Amino acid sequence: MKEIFSSDKGALVANRSSKTMGDGLSIANEPFVADKKDSIFALFTFLLGFLFIRWVFFSWQGWGVSVFTIAYSLSITIYFRKKGINIPVSAYFWLASIILIGISYSLYMNKGLEPWRSLLLFCSAVYYVIIASGRLILSNTSNWIFLDGVNGLLVIPFKNFGCQYKSLSLFQYKKKGLIKQILSVALGLLLALSVTGMVFPLLMRADSGGFYIIASHMYEFYQRIQNHFMNTIVNIILAIPVAAYLFGLVAGCAHGRGCKTFKRENIQYAIDSIRILDFATVYTALGLICCLYLLFIGSQIPYFFSAFVGKRPDGWQIYSEYARSGFFELCQIATINLFLLLVANVTCKKSQGNNTVLKILNIMLSMITLLLIATALSKMGLYIKAYGLSIRRLLPCIFMLFLTVVFVGIIILQKRKFSIIRLSVITAVFMICVLSLLNPDSFVANYNANRYLSGTLGDFDVSILYQSGPAGVDAALRVYEETDDGRLKAELRTYIDNQKRESEKTLGLPKDSLQNFLIRQKTK
């Protein structure tokens, strides 16, 4: 790719002559040769699969996610080290992000961050495997991260889907005597249960009264474990394909089997083949769009800059209408401009020298977009000042800050060469990690409560507390105790009772459930 994405071409040339681990292996037809380490890890992945189904798949909440994440990260890291794989330094960034996000599940519910937090955790867990094993298309996180992701999510796991059972067959062969004993004990238990089922009714009929007491306790115990037992059986069944997927991904990367679906040379050839637009076409399109934006900004300078000084422009009587007007449209325009720069730089034909005109247009469009982003943020700031904060107002602001980093990076890229995709990915991961550990739901609720109690916020919006889930309980209790507004107290009481009912029927919630103790103590 050209002005925006040209840095990875040098990495491509540097890596053409280098061989990462497994380059000499054929892909799908290469036989999988398992050893003792593979057999042990294949057995352990059954446990990982069970933990994923039991604690993660159906809830994505609570300390179970944290335990699974740590077990997953440590087991894969140890397995790679035992296999003699040198994990690159860059992989530890992804390892740290996985562990930090995983730990956040045991600290806060972070209802407002879903599904982005869970999606990042899942994708990072897969990406860590391919970067730690050196199976990226290039040597590091690059502009081809999407293809790396497809390779890790779909290609490698399913090409090695049956390798777990091949590894277990080796384990079974070496431990044949032990397995035979386990199967014999299991058969004995099955026979004992069968006989018990036949003689138990006869014993009850012949009982004079004493055995009935013991039998009733046995029946109560059976009732308690019945549902748990059936759930465990279902979880074990679902864990089988999950374990095969996990082992296929990890062992496939460790053995280099099925990792070369996307060839560097083929990808570069495909990218070069779509460079079909002449310079005149790209220059005209970008130039006219920049002029359109400048005309739009110049025609309403008072409207734009009034938001920066915190005033309503003439003609706007309602604060909320002005503050909300155009914010999400400006967000969409910023995203479209990013896509436009991508298309223009990817499809423009190569130049023989330094393409100064394209660089200037890239800088102009980026600077205009930064001005639009600043305007959008200032308008949202006015809205928050008037009506308080919510997670739905906070996250768009975070996204606009993310776009600010990206467009500043594009401007710098016109002078220095680096991967803008790598910068974007690292920024996004860092932001979500920080948000996950800072509990934004609680921050939003406490921000509104503090402003309302200090008199700088006219109305306390209880509907925002429902968006925060249990994280808003502490703020609701503080407002409930100090406000004299009967209507607001009734709404807060409804919210608190709702959270109380949720806490009573939900098990294994994260730290937010500690607020439920306050509910019971302060609202009895």
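Further up the page is the structure itself.
Cut-off values and rules
- Residues numbered from 1 in each chain as written.
- Predicted model: local features only at pLDDT ≥ 70, side-chain atom pairs only at ≥ 80, totals over all residues.
- Heavy atoms only, no water.
- Helix = DSSP H or I, 4+ residues; strand = E, 2+ residues; numbered from the N terminus.
- Buried < 20%, exposed > 50% of the residue type's maximum accessible area, 1.4 Å probe, protein only.
- Areas by Shrake-Rupley, 256 points an atom, 1.4 Å probe, with all protein chains shown as cover.
- Phe/Tyr/Trp six-rings, centres within 6.5 Å; stacked < 30°, edge-to-face > 60°.
- Lys NZ or Arg CZ within 6 Å of the ring centre and 35° of its normal.
- Patch = residues over 30% accessible without salt bridge, like charges linked within 9 Å, V, L, I, M, F, W, Y side chains within 5 Å.
- Salt bridge = Lys/Arg side-chain N within 4 Å of Asp/Glu carboxyl O.
- Contact = heavy atoms within 4.5 Å.
- Axes fitted to C-alpha atoms, helices over the stretch in contact; angles between N-to-C directions.
- Parallel < 35°, antiparallel > 145°, perpendicular 65-115°, else oblique.
- Left-handed = near helix turned anticlockwise from the far one by under 90°.
- Nonpolar A, V, L, I, M, F, W, Y, C, P; charged D, E, K, R; others polar.
- Core = buried A, V, L, I, M, F, W, Y, C linked by side-chain atoms within 4.5 Å.
- 1 Å grid on protein atoms, 1.4 Å probe; cavity = no way out; pocket = protein on both sides within 12 Å on 5 of 7 lines; lining within 4 Å.
- Points joined across faces, edges and corners; volume = space filled by probe spheres on them.

Participant: Could you give me a rundown of the overall build of the protein, with the residues and numbers involved?
Facilitator: Helix and strand counts for the protein come out as 22 helices and 0 strands. Expressed as a percentage of the 524 residues in the protein, the buried residues total 43%. Taken as a whole, the protein presents about 27,100 Å² of accessible surface, with 68% of it coming from carbon and sulfur.

Participant: Give a detailed account of the packing of aromatic side chains, specifying residues and quantitative values.
Facilitator: Tallied over the entire structure, the rule returns 20 aromatic pairs. Within the aromatic cluster, the residues linked to one another by ring pairs are Phe52, Phe57, Phe58, Trp60, Phe68 and Tyr72. Seen from the ring of tyrosine 105, arginine 117 lies directly overhead, with NZ or CZ sitting 3.7 Å from the centre. Directly above the ring of tyrosine 480 sits lysine 489, whose terminal nitrogen or CZ lies 5.4 Å from the centroid.

Participant: Give me a nonpolar patch on the surface: which residues, what numbers.
Facilitator: Where nonpolar side chains cluster on the molecular surface, the patch consists of Phe57, Phe58, Val234 and Leu238 and spans about 380 Å² of accessible area. Following the sequence through the fold, valine 234 ends up in helix 9 (residues 210-255).

Participant: An account of the environment of arginine 117 is requested, with residue identities and associated values reported.
Facilitator: Within the secondary structure layout, arginine 117 lies in helix 5 (residues 116-132). Spatially, the C-alpha atom of arginine 117 lies 9.4 Å from that of glycine 102, the residues being 15 residues apart in sequence. Leaving out residues up to four positions away in the same chain, arginine 117 has contacts with Gln61, Ile101, Ser104, Tyr105, Tyr108, Met109, Asn110, Ile432 and Ser436.

Participant: Can you lay out unusual backbone geometry for me, pointing to particular residues and giving the numbers?
Facilitator: For the bond from glutamate 114 to proline 115, the omega torsion is 10 degrees, close enough to zero to count as cis. The topology assignment puts proline 115 in the loop between helix 4 (91-107) and helix 5. Positive phi, close to 55 degrees, is recorded for tryptophan 60, a residue that is not glycine. Looking at the element boundaries, tryptophan 60 is found in the loop between helix 2 (36-57) and helix 3 (63-82). The backbone phi angle of asparagine 439 is positive, close to 55 degrees, even though this residue is not glycine. Relative to the elements of secondary structure, asparagine 439 occurs in the loop between helix 17 (420-438) and helix 18 (440-454). Asparagine 439 gets classed as buried once you look at its relative accessible area, which sits at 6%.

Participant: I'd like a description of the packing of helix 4 against helix 5, backed by residues and values.
Facilitator: At their nearest, the axes of helix 4 and helix 5 sit 9 Å apart, and the two run at 150 degrees to each other. Regarding the angle of helix 4 to helix 5, the classification is roughly antiparallel. The two elements helix 4 and helix 5 meet at a crossing, and its hand is left-handed. In this structure, helix 4 contributes Ala91, Trp94, Leu95, Ser97, Ile98, Ile101, Gly102, Ser104 and Tyr105 to the contact, and helix 5 contributes Arg117, Ser118, Leu120, Leu121, Ser124, Ala125, Tyr127, Tyr128, Ile131 and Ala132. The residue makeup of the contact of helix 4 with helix 5, split by class, is 13 nonpolar, 5 polar and 1 charged.

Participant: Break down the nonpolar core for me, citing the residues and quoting the values.
Facilitator: Ranked by internal contacts, the top residues of the largest apolar core, which has 52 residues, are Tyr72, Ile76, Phe80, Tyr128 and Val129. Looking at this core, the elements that each hand over two or more residues are helix 2, helix 3, helix 4, helix 5, helix 6 (145-159), helix 7 (163-174), helix 9 and helix 17. Among all residues touching phenylalanine 80, those that are not within four sequence positions of it are Ile85, Ile87, Val129, Ala132, Ser133, Val250 and Ala254. Core analysis: the next-biggest nonpolar cluster, separate from the first, contains 38 residues, Tyr383, Phe407, Ile410 and Leu413 among them.

Participant: Talk me through the layout of surface pockets; I want residue IDs and the actual numbers.
Facilitator: By volume, the largest pocket amounts to about 1,600 Å³. Together, 45 residues line the largest pocket, and Ile145, Phe402, Ser424, Val425 and Ala428 are the ones closest to its centre. Listed by contribution, the elements that provide at least two residues to the lining of the largest pocket are helix 5, helix 6, helix 10 (264-273), helix 14 (327-347), helix 16 (391-413) and helix 17. The dominant element in the lining of the largest pocket, judged by the number of residues it contributes, is helix 17, at 9 residues. Here the residues of the lining of the largest pocket are counted per class, giving 40 nonpolar, 5 polar and no charged.

The values are spatial; any link to function lies outside them.
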